[in-house]
Amino acid sequence: MTNPLLKDWQTPFGLAPFSEISDADFAPALEAALDAHKDQIEAIATNTEAPSFANVIEALETPCQPLEQVLSVFFTVAGADSNPAREALQREFSPKLAAHFSAITANKALYARVQAVWNKRDTLDLTDEQARVLMLTHRGFVRGGAALEGADDQRMQEIKGRLATLGTSFTQNLLADEREWFLPLTEDDLEGLPEFVVSAARAAGLEKGQDGPVVTLSRSVITPFLQFSPRRDLREAAFKAFVARGANGGETDNREIAAEILGLRKERAGLLGYDSFATYKLETEMAKTPDAVRNLLMDVWQPAKAQAEADAKILTEMMHADGINGDLEPWDWRYYSEKRRVAEHDLDEAELKPYLQLEQMIKASFACANRLFGLEFSPLDVPLYHEDCRAWEVTRGGQHVAVFIGDYFARGSKRSGAWCSAMRSQAKFPEVQTPIVINVCNFAAGEPALLSWDDARTLFHEFGHALHQMLSNVTYESISGTSVARDFVELPSQLYEHWLEVPEVLQDFALHAETGKAMPEDLLQKVLGAATYDMGFQTVEYVASALVDLAFHEGEAARDPMEKQAEVLAEIGMPNAIKMRHATPQFAHVFAGDGYSSGYYSYMWSEVMDADAFAAFEEAGSAFDQGRAEALEACILSTGGSQDPADLYRAFRGRLPGVEALLKGRGLAA
């Protein structure tokens, strides 16, 4: 029988035939696909014709269909619907894939042909996009170690393979800790909790196979519990379990893994001639240097810390008024902050949440995309990898644009957080292919499913990434969609969050789950008025994480990352009642792979731009101004990595922004 991962998918829109694929298919399919790709690479490297853009660069841009099919399916299910078999396969695949792709950049004959094309680039009459692809390809080979020789070359291959193994272990350890821990609740423990929190706890109990409600380590469950539970002892137990993920000792402890990763990254950068991994990593980003990153973060840190410390005094007084003496602790902050929000803004999340139905927020995100870019969404009845998933065909003017898949609910088989990925990216070479894009979230299930304000913002954020993929309009897949600088990739996603706060969007889609009535005007104004509430806390926990990430990758690698983390937090004066958003043992952004290493600052770098970019719509007089929407698509959403991101932003806005718009948007401006 033909392996379904290797055959030509004669399915609607070329979707993977998920119902035909079993876990037993992955290993043999990967071996066959790797062999096919090796043959393809060897043919390019040994081609006896004179090196040209077509027979080297475009040949490398030609997809290896079997490998793309295997990897797109496997990494989709490994992240969003894992099981022991898939986790074992991921541990097996990671070093194999690292070795395979490392061997490509280490192929001296292939690099020589790439170098030959690069050397004669000025004589090739390339389009701007082709010139960009050539530059990125050549740079990728050099930064991958293609110019290394002998022992240095061998050591680079060893480092890449080991890093792949360690990143997989880090991810799986974190998933195991999140999956295994839960806190059973008695009926008495539910006292004082809003119904939506109780409902989420009961749903979590069912998912864990328990007879009653539980608190899990999913943010959509634990965060509202910390906000609303009057039981300080239970809040403390839940919070301590949450921040201990990856640091519980035993086989799932990530601390030694983090130390080894940092050491290997430092060595890797050194082999390439850089004094630190941060210098190496940031060279290709908009920020360019560690100093530029630190300057941005510290410009935001000082006002955020001042605001958080002022807020902490108020919350401490509230706690003391409840008869609890001593210091405000991290498990107290959200509880008293929620009480303060009700008191000062008359905004109770329990009152707000029924207006934020998941179904309505999905419709809202689609409706905004329709008004801005003319996109339309039609449900598809197709087999997907989990029963929670749903799919839509995306069209514009009757023409197919993309397939969008949404996987919204938390479950034990899914890693935490939210993300966007493409099972297939847009391209026109060697033939036209349209994107298949997935948004994965971890919202609490319910009937109906209700979102917090942060959840709704997450939905819009990830859909912003999806739009970046769906509206891509470039020739080559390597620069398609979100294949851009890390500190530019968050611009479309964070920018799209702004449309959640547009009053007419909330009026049309924030409908009460029971009555169907629109959000009352007074509640709408409270929501918008409290948009920057507790922003000191949110900014401090984020910036602290970004500063620790940066410090990890500058200078010598920390032998004890936890000691280094404590040192950095002490230097910046981290408030005692706030913890980093991601402590080292659970900092998957940084340690699950290289993506956000030295780059967690990217969200804030992009926020400087997104605050300024949305101001362009406000200046035009409407959040749905067609001129601005067309410019946004033409300059940013459709262009992928075809141009330098700074040039793309200037083309949209006419200039680069300063940090002032960000501070104003966060309510932290002096």
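The structure presented is a predicted model; accordingly, all values stated were derived computationally and were not measured. (Residues numbered from 1 in each chain as written. Predicted model: local features only at pLDDT ≥ 70, side-chain atom pairs only at ≥ 80, totals over all residues. Heavy atoms only, no water.)

A closer look at the packing of aromatic side chains
As a reminder of what qualifies: The pairing test for Phe, Tyr and Trp rings, Trp by its six-membered ring, is centres within 6.5 Å, and the orientation test on the planes gives stacked under 30 degrees, edge-to-face over 60, and tilted for anything in between. Only DSSP runs of H or I reaching four residues or more are called helices, and only runs of E reaching two or more are called strands; each is numbered from the N terminus. The buried label goes to any residue with under 20% of its type's maximum accessible area, the exposed label to any with over 50%, and the partly exposed label to all in between, with areas taken from a 1.4 Å probe on protein chains only. Each ring is checked for a lysine NZ or an arginine CZ that lies within 6 Å of its centre and within 35 degrees of its normal; such an atom marks a charge sitting over the ring.
Applying the stated criterion across every chain yields a total of 36 aromatic pairs. On the basis of an interplanar angle of 85 degrees and a centroid distance of 6.4 Å, the ring pair of Y542 and Y603 is categorised as edge-to-face. Separated by 61 residues along the polypeptide, Y542 in helix α21 (residues 535-552) and Y603 in helix α24 (residues 602-620) bring together distant segments of the chain. The residues Y542 and Y603 share a single accessibility class, namely buried. With centroids separated by 5.0 Å and ring planes inclined at 85 degrees, the aromatic side chains of F587 and Y600 adopt a geometry described as edge-to-face. Here F587 is found in the loop between α22 (561-572) and α23 (588-591), whereas its partner Y600 is found in the loop between α23 and α24, with 13 residues between them in sequence. Neither F587 nor Y600 differs from the other in exposure class; each is buried. The lysine or arginine in question, R245, covers the ring of F242, its NZ or CZ lying 3.9 Å from the ring centre.

Some thoughts on the sheet that holds strand β7 (residues 436-443)
Operational definition: In this description, strands pair whenever DSSP reports at least two bridges between them. Here the axes come from fitting lines to C-alpha atoms, over the contacting stretch only for helices, and the angles between their N-to-C directions go from 0 to 180 degrees.
Here we have five strands laid out as an open sheet, ordered β3-β4-β5-β7-β6, and mixed in their pairing. Two strands close off the open sheet at either side, each with one partner strand: β3 (376-380) and β6 (419-424). Going from strand to strand, the sheet's axes swing by 30 degrees on average, the running direction of each strand aside. Pairing of β6 with β7 involves five bridges; the strand directions are antiparallel. Bridge assignment links R424 to a residue of β7, and that residue is I436.

Considerations on the packing of helix α16 (residues 358-373) against helix α17 (residues 453-470)
Selection rule: These descriptions rest on fixed angle ranges, namely under 35 degrees for roughly parallel, over 145 for roughly antiparallel, 65 to 115 for roughly perpendicular, and the rest for oblique. Helix crossings fall into two classes, left-handed where the near helix is turned counterclockwise from the far one by less than a right angle and right-handed where it is turned clockwise. Between two residues, a contact is recorded if the distance between any of their heavy atoms is within 4.5 Å. Gly falls in the polar group here, along with every residue not listed as nonpolar (Ala, Val, Leu, Ile, Met, Phe, Trp, Tyr, Cys, Pro) or charged (Asp, Glu, Lys, Arg).
Between α16 and α17, whose axes approach to 10 Å, the crossing angle comes to 40 degrees. As far as their axial angle goes, α17 and α16 are oblique. Seen from above, α16 lies across α17 with right-handed handedness. Contacts from L358, M361, I362, A364, S365, F366, C368, A369 and F373 of α16 reach α17 at A456, L459, F460, F463 and L467. Of the residues belonging to the contact of α16 with α17, the class tally is 13 nonpolar, one polar and no charged.

Description of the packing of helix α13 (residues 290-321) against α21
For the pair α13 and α21, interaxial distance at closest approach is 9 Å and the crossing angle is 150 degrees. Between α13 and α21, the angle falls in the class roughly antiparallel. Viewed along their axes, α13 and α21 form a crossing whose handedness is left-handed. Only G536, F537, T539, V540, V543, A544, A546, L547 and L550 of α21 make contact with α13, whose side of the interface consists of P290, V293, R294, L297, M298, V300, W301, A304, K305, Q307 and A308. Within the contact of α13 with α21, the residues separate by chemical class into 15 nonpolar, three polar and two charged.

So, to be careful, I would describe these as geometric facts and stop short of saying anything about function.
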